[in-house]
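Structural overview
Letter by letter, the chains look like this.
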Amino acid sequence: MQLADVERLVGVPYCADTLDCADFVMLVQRELFGRDVVVPNGRPRGLRGQLALGELSRAYATRTDEPQDGDLVLMFEDGVLGHVGVYFFLAHEGWVLHSCEKVGVSIFHRVRELPDWGAPIEGFYRWRD
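Let me begin by describing the structure that accompanies this report.

1. A few points about helix α2 (residues 21-33)
Here α2 contains 13 residues, and its C-alpha end-to-end distance of 17 Å stays within 8% of the 18 Å for a straight helix at 1.5 Å per residue. Counting buried positions along α2 gives 10 out of 13 residues, so the element sits mostly inside the fold. All of the buried residues along α2 are Cys21, Ala22, Asp23, Phe24, Val25, Met26, Leu27, Val28, Gln29 and Leu32. N-capping of α2 is provided by Asp20, with a side-chain oxygen placed 3.1 Å from the backbone N of Ala22. Looking at the residues trailing α2, positive phi occurs at Gly34, about 65°.

This is the structure:
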């Protein structure tokens, strides 16, 4: 994966009703990896939706200790397990592309910076085929 491919998805507006972090992960999977990830219709939104993301994510992916480009990243946000992003290895380190309500757009963070930013990683997950 090239940085330019990923950078074009930085700054996409966040919307709790139509493009939250889970929707953004599905967009990234479709746009950059040609993977059609579909979560159940009517999945909860808002805080209930955030709380459901952990279990929902595990139904689609298997935990890995060696993440690769495109893997799902499950994070805590403000102490709650319920934020997701997409892993990339660029410029000799791990990065996570995710859509964030706090800043209102999608952003790109170094893995090592996420705990200081308030979003420590719970784990990395490889998509099931």
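2. Digging into the nonpolar core
Within the largest apolar cluster, 25 residues are counted, with the highest numbers of intra-cluster contacts made by Leu9, Val28, Phe88 and Leu97. For this core, the secondary structure elements donating two or more residues are α2, β2 (72-77), β3 (80-90), β4 (93-100) and β6 (121-127). The element best represented in this core is α2, accounting for eight residues. Among residues more than four places away in sequence, those in contact with Val28 are Leu9, Phe33, Val86, Phe88 and Leu97. With seven residues, the next largest nonpolar core counts Met75, Tyr87, Val96 and Leu114 among its residues.

Conventions adopted
- Residues numbered from 1 in each chain as written.
- Predicted model: local features only at pLDDT ≥ 70, side-chain atom pairs only at ≥ 80, totals over all residues.
- Heavy atoms only, no water.
- Helix = DSSP H or I, 4+ residues; strand = E, 2+ residues; numbered from the N terminus.
- Expected span 1.5 Å × (residues − 1).
- Buried < 20%, exposed > 50% of the residue type's maximum accessible area, 1.4 Å probe, protein only.
- Polar contact = N/O pair within 3.5 Å; in protein donor to acceptor, adjacent residues only side chain to side chain.
- Core = buried A, V, L, I, M, F, W, Y, C linked by side-chain atoms within 4.5 Å.
- Contact = heavy atoms within 4.5 Å.

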